[in-house]
Amino acid sequence: MNLSSTNQAQNSLFQKMEQVRRHQGKVRDTHITLAHGSGGKAMRDLIDDIFVSSFDNPILSQLEDQASLNLASLMQQGDRLAFTTDSYVVDPLFFPGSDIGELAINGTVNDLAVSGAKPLYLTCSVILEEGLPVETLRRVAASMKAAARKAGVQIVTGDTKVVHRGAADKLFINTAGIGIIPQVINISAHNVQPGDAVIINGEIGNHGTAILIARGELALETNIESDCQPLHSLVETILHTCPQIHAMRDATRGGLATVLNEFALSSNVGIRLFEESIPVREEVNGVCEILGLDPLYLANEGKLVVVSPKENANNILSAMKSHPAGKDACIIGEVIPSPPGVVLLKTVFGAERIVDMLVGDQLPRIC
């Protein structure tokens, strides 16, 4: 055997040994330690065992410090890049209907989708508190895996940090997302015009109420679950029916009232809501009455607000109702020329009141 053949054989052996070494990483500890954020073997084992095994895809498997994306492929799908980021600090980590992992995926997917973009790639960075049970992290990663698969996105890069016990509250997640906007789509809060219709895809306040009950600080019991769900497919259905949507946004923190105030201020128009048309579960109304809350400001994680030309509203509504995420959709208001920058609510008694931006926080750490 010549020297060249010997070197090739050695290189092949080293590559095989490296592959075996790379895929043998297992977390042996039952709880997160500072070593899991040190950059050494414990951290590599954590990444391999929990994150790489859960999120594995051809881009992530390269294990570089960044994800390399094919620009030519992206440009074939549209002419603009949608890019967003969000952090999730919800308490508790697990709550009726969802958990922090699914919330992190769906929240970022929805932020992309309401721009008209097709969500494609996500990042995942986690901040772990020393002492967090490893099994808790496994559950969260498994939930993120399932949510990403359902939304048709790939988690392609990320980061892991560990802080001292007491320096965080169990687990925080940051995600960023990239999507592609087709050429014919132009959705913006600045596009809202007098005469437009305001549509929502279902009941408001379920997520905020579910979190409130899950914290166990109140002697209340309900069967309300979070509405956490991906909305990209519903958005596709809407845009297929009417590409000329003026504005669209998911009503998360601050609820329906905050989104509509943002629209009114951005386009310098007024918006009138009809109280009797806004879908709110009886249990949500009951909790709000007991605690002095307003369902218009409660957080949602699976609700979007659509502002469209009035002539397209009924077709859009029918299309939304044909989709599982929009089966309870309804028209809840209209855009008016004045007063500019103001949202009004026409009550069931026929009077009108101003619905202002949320002042303070009805319920902190909601997402």
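Residues numbered from 1 in each chain as written. Predicted model: local features only at pLDDT ≥ 70, side-chain atom pairs only at ≥ 80, totals over all residues. Heavy atoms only, no water.

Asker: Please explain the overall build of the protein as it appears in this structure.
Answerer: Counting its secondary structure elements, the protein contains ten helices and 13 strands. Each principal axis of the C-alpha atoms in the protein carries an extent, and together these give about 90 × 50 × 30 Å. Within the protein, the proportion of its 367 residues that are buried is 50%. If you sum the accessible surface of the protein, you get close to 17500 Å²; carbon and sulfur atoms cover 50% of it. Measuring between centres, the 29 positive side-chain charges of the protein sit 7 Å from its 41 negative side-chain charges. (Helix = DSSP H or I, 4+ residues; strand = E, 2+ residues; numbered from the N terminus. Buried < 20%, exposed > 50% of the residue type's maximum accessible area, 1.4 Å probe, protein only. Areas by Shrake-Rupley, 256 points an atom, 1.4 Å probe, with all protein chains shown as cover. Lys, Arg positive; Asp, Glu negative; His and termini not counted. Charge placed at Lys NZ, Arg CZ, Asp CG, Glu CD.)

Asker: I would appreciate a short explanation of helix α6 (residues 206-214) in the present structure.
Answerer: Burial analysis of α6 places eight of its nine residues in the buried class, the great majority of the element. Two residues or fewer after α6 comes G216, characterised by a positive phi angle close to 65°.

Asker: Explanation requested: the packing of α6 against helix α9 (residues 282-291) in the structure shown.
Answerer: Each pair of packed helices gets described by two things: the angle between the helix axes and the distance between those axes. As a packed pair, α6 and α9 sit with axes 10 Å apart at the nearest point and diverge in direction by 60°. When the axis of α6 is compared with that of α9, the two are oblique. Considering the relative orientation of α6 and α9, their crossing is left-handed. On α9, the residues touching N206, T209 and L212 of α6 are V284, V287 and L291. Here the residues of the contact of α6 with α9 are counted per class, giving four nonpolar, two polar and no charged. (Axes fitted to C-alpha atoms, helices over the stretch in contact; angles between N-to-C directions. Parallel < 35°, antiparallel > 145°, perpendicular 65-115°, else oblique. Left-handed = near helix turned anticlockwise from the far one by under 90°. Contact = heavy atoms within 4.5 Å. Nonpolar A, V, L, I, M, F, W, Y, C, P; charged D, E, K, R; others polar.)

Asker: What exactly am I supposed to notice about α9 here?
Answerer: Three- or four-residue spacings in an α-helix give side chains the same orientation, since the helix completes a turn every 3.6 residues. Of all the positions in α9, only V284, V287 and C288 are classed as buried. Around the axis of α9, the buried residues are gathered within 100° of arc, so they sit on the same side. Opposite the buried face of α9, by more than 90 degrees, sit the exposed residues E282, E289 and I290. Those residues of α9 hidden inside the fold are in contact with α6. Phi turns positive, to about 70°, at G292, one or two residues after α9. (Arc of directions from axis to C-beta.)

Asker: Would you explain the environment of L304 in this entry?
Answerer: Topologically, L304 is positioned in strand β10 (residues 304-308). In this structure the C-alpha to C-alpha distance between L304 and D250, which are 54 residues apart in sequence, comes to 4.0 Å. Residues in contact with L304, not counting those within four places in the same chain, are V114, I199, I200, N201, L231, L234, V235, I238, M248, R249, D250 and M320.

Asker: In this structure, what is going on with the pairing of strand β12 (residues 343-346)? I would like to understand it.
Answerer: Taken residue by residue, a regular strand's side chains alternate between the two faces of the sheet. Bridge count for strand β9 (residues 270-274) against β12 is four bridges, and the pairing is parallel. Bridged to R272 within β12 is L344. Two strands pair when backbone bridges link them, and β12 and strand β13 (residues 352-354) are joined in this way by three bridges, in the antiparallel orientation. Bridging across to β13, L345 finds its partner in R353. (Pairing = 2+ DSSP bridges.)

Asker: Just to check I follow, could you spell out the sheet that holds strand β5 (residues 154-163) for this structure?
Answerer: By way of backbone hydrogen bonds, the strands of a sheet pair with one another, either parallel or antiparallel. Judged by pairing direction, the sheet is mixed, and its four strands sit side by side in the order β1-β6-β4-β5 without closing on themselves. Edge positions in the open sheet fall to β1 (80-88) and β5, since each of these has one partner strand only. Strand-to-strand, the axes of this sheet are offset by a mean angle of 15°, without reference to chain direction. With ten bridges connecting them, strand β4 (residues 118-129) and strand β6 (residues 171-181) associate as antiparallel partners. Directly across from I127, in β6, lies its bridge partner F172. Of the strands in this sheet, β4 and β5 are in contact with helix α2 (residues 41-55), which crosses β5 at around 150°. Against the sheet, helix α4 (residues 100-113) touches β1, β4, β5 and β6, its axis set at about 150° to β1.

Asker: Can you walk me through the pairing of β10 in this structure?
Answerer: A large share of β10 lies buried, amounting to five of its five residues. Judged by which residues are buried, β10 turns out to be covered on both faces: L304, V306 and S308 on one side and V305 and V307 on the other are all buried. Sheet topology places strand β7 (residues 197-200) next to β10; four bridges connect them, and they run antiparallel. Its bridge partner lying in β10, I200 is registered against V305. Sheet analysis places strand β8 (residues 247-250) next to β10, joined by four bridges and oriented antiparallel. What sits directly across from D250, in β10, is L304.

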